[in-house]
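Listed below, chain by chain, are the residues.
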2 protein chains.
Amino acid sequence: MDCTFCKIVKGEIPANFVYQDADLVVFPDIRPKAKVHLLITPKEHIESFLDLKENHTKLLTKIIKVIQQLVKDKKLESSYRVVVNGGVYQEVPHLHLHLLGD
Amino acid sequence: MDCTFCKIVKGEIPANFVYQDADLVVFPDIRPKAKVHLLITPKEHIESFLDLKENHTKLLTKIIKVIQQLVKDKKLESSYRVVVNGGVYQEVPHLHLHLLGD
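Residues numbered from 1 in each chain as written. Chains lettered and ligands numbered in written order. Predicted model: local features only at pLDDT ≥ 70, side-chain atom pairs only at ≥ 80, totals over all residues. Heavy atoms only, no water.

*Asks:* How do you make sense of the relation of the copies chain A and chain B when you look at a structure like this?
*Replies:* A rotation about an axis combined with a shift along that same axis relates the two copies of the chain. Structural alignment of chain A on chain B gives an RMSD of 0.0 Å, achieved by rotating through 180° and translating 0.0 Å along the axis. A rotation of that kind, with that shift, is consistent with a two-fold axis. When C-alpha distances to the rotation axis are compared across chain A, the minimum falls at Val83(A), with a value of 2.2 Å. (Least-squares fit on C-alpha atoms with pLDDT ≥ 70 in both.)

*Asks:* Which parts of the structure should I look at to understand the pattern of salt bridges?
*Replies:* If the charged atoms of two oppositely charged side chains come close together, the side chains can form a pair. Under the criterion given, the structure shown has 10 salt bridges over all chains. Here Lys62(A) ties to Asp21(A) by a salt bridge, and the two come within 3.3 Å at their closest N and O atoms. On the criterion of sequence distance, the pair formed by Lys62(A) in helix α2 (residues 57–73) and Asp21(A) in the loop between β1 (19–20) and β2 (24–28) is long-range, its members being 41 residues apart. Residue classification places Lys62(A) among the partly exposed residues on the basis of a relative accessible area of 25%. Arg31(B) serves as the salt-bridge partner of Glu91(B), at 2.6 Å between the closest nitrogen and oxygen. One end of the pair, Glu91(B), is in the loop between β4 (79–87) and β5 (97–101); the other, Arg31(B), is in the loop between β2 (24–28) and β3 (36–42), and 60 residues separate them in sequence. Classification of Glu91(B) by relative accessible area gives exposed; the value is 55%. Connected through salt bridges with shared partners, the residues Asp21(A), Asp23(A) and Lys62(A) form a single ionic network. (Salt bridge = Lys/Arg side-chain N within 4 Å of Asp/Glu carboxyl O. Helix = DSSP H or I, 4+ residues; strand = E, 2+ residues; numbered from the N terminus. Buried < 20%, exposed > 50% of the residue type's maximum accessible area, 1.4 Å probe, protein only.)

*Asks:* So what exactly am I meant to see when it comes to the sheet that holds strand β5 (residues 97–101) of chain A here?
*Replies:* Remark on secondary structure: sheet strands pair via backbone hydrogen bonds, oriented parallel or antiparallel. What the 10 strands build is an open sheet, ordered β1(A)-β2(A)-β3(A)-β5(A)-β4(A)-β4(B)-β5(B)-β3(B)-β2(B)-β1(B); its pairing is antiparallel. Taken across any chain shown, the strands that pair with only one partner, and hence form the sheet edges, are β1 of chain A together with β1 (19–20) of chain B. In this structure, β1(A) lies alongside β2(A), joined through two bridges in antiparallel fashion. Pairing of Tyr19(A) across the sheet is with Val26(A), part of β2(A). (Pairing = 2+ DSSP bridges.)

*Asks:* Just checking my understanding: could you explain the side chain of Ser48(B) for this structure?
*Replies:* Mapped onto the elements of the fold, Ser48(B) is located in the loop between β3 and α2 (57–73). Polar side-chain contacts of Ser48(B) include one of 3.1 Å to the backbone nitrogen of Leu50(B). Residues within four places of Ser48(B) in sequence aside, it is in contact with Tyr80(A), Gln90(B) and Leu95(B). (Polar contact = N/O pair within 3.5 Å; in protein donor to acceptor, adjacent residues only side chain to side chain. Contact = heavy atoms within 4.5 Å.)

*Asks:* Can you help me understand the packing of aromatic side chains in this one?
*Replies:* The geometry of an aromatic ring pair is captured by the separation of the ring centres together with the interplanar angle, meaning the angle of the planes. Residue and element names in this part refer to chain B. One pass over the structure, following the stated rule, counts six aromatic pairs over all chains. Here Phe 5 and Phe 27 contribute two aromatic rings whose centre-to-centre distance is 5.3 Å and whose plane-to-plane angle is 85°, an arrangement assigned as edge-to-face. With Phe 5 in helix α1 (residues 4–10) and Phe 27 in strand β2, this pair connects stretches of sequence that are 22 residues apart. Each member of the pair Phe 5 and Phe 27 is classed as buried. (Phe/Tyr/Trp six-rings, centres within 6.5 Å; stacked < 30°, edge-to-face > 60°.)

*Asks:* I keep staring at the interface of chain A and chain B and nothing clicks. Help me out?
*Replies:* You'll often see interface size given as the accessible area lost when the parts meet. Opposite the 28 residues of chain A that make contact, chain B presents 28 residues. Contact between chain A and chain B buries roughly 2,700 Å² in total, counting both sides, with carbon and sulfur atoms accounting for 59%. Of all residues in chain A, the largest losses of buried area upon contact with chain B belong to Phe49(A), Leu50(A) and Tyr80(A), amounting jointly to 25% of the total for that side. Where chain A meets chain B, there are two salt bridges. For the salt bridge of Glu54(B) with Lys65(A), the shortest nitrogen-to-oxygen distance reads 2.8 Å. Taken together, the links from chain A to chain B amount to 18 residue pairs in polar contact (both at pLDDT 80 or more). Of the residues belonging to the side of chain A that touches chain B, the class tally is 13 nonpolar, nine polar and six charged. Bridge count for strand β4 (residues 79–87) of chain A against β4(B) is nine bridges, and the pairing is antiparallel. Among the inter-strand pairings, Asn85(A) is bridged to a residue of β4(B), identified as Arg81(B). (Buried area = accessible area lost by both parts, 1.4 Å probe. Nonpolar A, V, L, I, M, F, W, Y, C, P; charged D, E, K, R; others polar.)

The structure is reproduced here in structure tokens:
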């Protein structure tokens with residue numbers, strides 16, 4: 001599968017992982033739209049938000065927890081956004097959440 | 001508690017509910033920033049994204065499911081965003097997710 005984010009997950013394309021665990025990786029957006037702009041990316045190739053199923057509940061819970069921790073670690077509590085893009089707004093067809101903050 | 005969204009949930013402030021169930025309500029943003037701009041709002045007064053806890057897993061799963069259904073119902077598959085604002089970006093201190101689409 002020729003998926004850029006799968007390649008990043010596997011280390012075939014380099015990225016600076018800010019966080020990683022068994023289920024997800026976090027790395028900076030290469031075209032940042034805020035002082036902090038991180039992509040929270042499941043290792044599993046889930047194509048889009050619409051492909052999240054009931055069995056992703058554990059993953060979702062972890063994603064929320066990791067983003068909450070990143071907001072605290074990066075001291076973004078006073079101004080942050082979490083964004084999921086879909087359709088034409090989604091540039092890479094591998095689910096990822098944007099954490100933006102100043 | 002003087003919370004605008006709690007009042008909307010209780011029907012004390014009128015809003016056109018696009019969807020409602022035991023756990024959440026969905027109504028249009030009064031200042032829409034896209035053709036479709038809906039606020040997915042838990043009935044429980046959770047202040048912000050940072051206040052989501054492990055025991056909100058069921059609620060989270062439902063929120064995702066409801067947004068997925070709204071994307072389909074409103075035919076937004078080709079262009080949508082899901083956004084959670086925090087800090088100064090969050091205008092009402094009662095957790096809500098924005099679904100924006102064209």
